[in-house]
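# Structural characterization, general
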Amino acid sequence: MVKIPTYTADTAPTEQVSSVKSNISVSPSSSLAATLLPAAKDVEKYFIQEKIISNKVEGGKLLADANQELYEAQQKANLKSTPQEGMNYFNNRYNEVISKYKSKGSNNYIQKYFELNMNSNRPSYTNNILKTTRKNMVETRVGQVDLKVQNKIIAGTIDRNNFDFETLTQSVLQDYRELVDEGIIGEPDFEIAKQSLPQEIEIGLIRNIAKTNAAEAIVILSD
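Residues numbered from 1 in each chain as written. Predicted model: local features only at pLDDT ≥ 70, side-chain atom pairs only at ≥ 80, totals over all residues. Heavy atoms only, no water.

A tally of regular secondary structure across the protein gives six helices and zero strands. Along the protein, helices and strands appear, N-terminal first, in the series α-α-α-α-α-α. The buried share of the protein, reckoned over its 223 residues, is 23%. Long-range pairs, those at least 24 residues apart, make up 69% of the contacts in the protein with a sequence separation of at least 6. (Helix = DSSP H or I, 4+ residues; strand = E, 2+ residues; numbered from the N terminus. Buried < 20%, exposed > 50% of the residue type's maximum accessible area, 1.4 Å probe, protein only. Contact = heavy atoms within 4.5 Å.)

As structure tokens, then:
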């Protein structure tokens, strides 16, 4: 029988399993989630910005509708005869409109955005109303005095036999002086009214004469 030769290993056996080594290293932080994190943040920023824009769009629509109603309210307030009446009317409508449209905001941001913008617009409405109604008040007051003066002239010149130019003049000038004291007209305007008063009284006399004697009135005018 042939004897099978045996061999003795020069080195001790090892439990290590051979493997293929490379110079490629992978960081533990370079996971899929970590790689996607910047993109996720960008998406988050995008949707936050989109929500802000969406809120402003909705708020802008509320502002447009509310301002249209307030513009109409301002036009009606402008017709009032005094600033107090005009402001009372507008303030009531303002509160109604603000309450109406603020409640339509779908979130607190929109409601606050709407209210702040409306409050910033309010002075433009009130300034316009005050300017217009003050003009109305002055015109009304001047008209009242003019009518009063004309009535005094008519009454004071209806009877030529009892006509008192000085008394009538002083009475009329007192009416005009009230306008000065109220700050509606100045001293130059008062002086103009004072200088034109004799002519106004003369015209009143002629008109009353013409009612009974047109021929005499024509003669007076010709002189």
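Looking at the element boundaries, T126 is found in helix α3 (residues 108-157). Overall, the relative accessible area of 14% leaves T126 in the buried class. Along the sequence, T126 and G86 sit 40 residues apart, while their C-alpha atoms lie 9.0 Å from each other. Not counting the four nearest positions on each side in its chain, T126 is found in contact with M87 and F90.

A few words on the packing of helix α2 (residues 83-102) against α3. Where α2 meets α3, the axes come as close as 10 Å, and the angle between the chain directions of the two elements is 160°. By the angle between their axes, α2 is roughly antiparallel relative to α3. Here α2 and α3 pass one another in a crossing that is right-handed. Its residues placed into classes, the contact of α2 with α3 shows 12 nonpolar, six polar and four charged. (Axes fitted to C-alpha atoms, helices over the stretch in contact; angles between N-to-C directions. Parallel < 35°, antiparallel > 145°, perpendicular 65-115°, else oblique. Left-handed = near helix turned anticlockwise from the far one by under 90°. Nonpolar A, V, L, I, M, F, W, Y, C, P; charged D, E, K, R; others polar.)

This structure, assessed with the given rule, holds four aromatic pairs. Ring geometry for F90 against Y94: centres 6.0 Å apart, planes inclined by 40°, an arrangement best described as tilted. Note that F90 and Y94 are positioned in helix α2 at a spacing of four residues, about one turn of the helix. In terms of burial, F90 and Y94 fall into one category: buried. Taking the centre distance of 6.3 Å and the plane angle of 65° together, the rings of F163 and F165 count as edge-to-face. Taking relative accessible area as the criterion, F163 reaches 25% and is therefore assigned partly exposed. Judged by relative accessible area, F165 falls into the partly exposed class, the value being 35%. What links up through ring pairs into an aromatic cluster is the set F90, Y94 and Y125. (Phe/Tyr/Trp six-rings, centres within 6.5 Å; stacked < 30°, edge-to-face > 60°.)

So, to be careful, I would describe these as geometric facts and stop short of saying anything about function.
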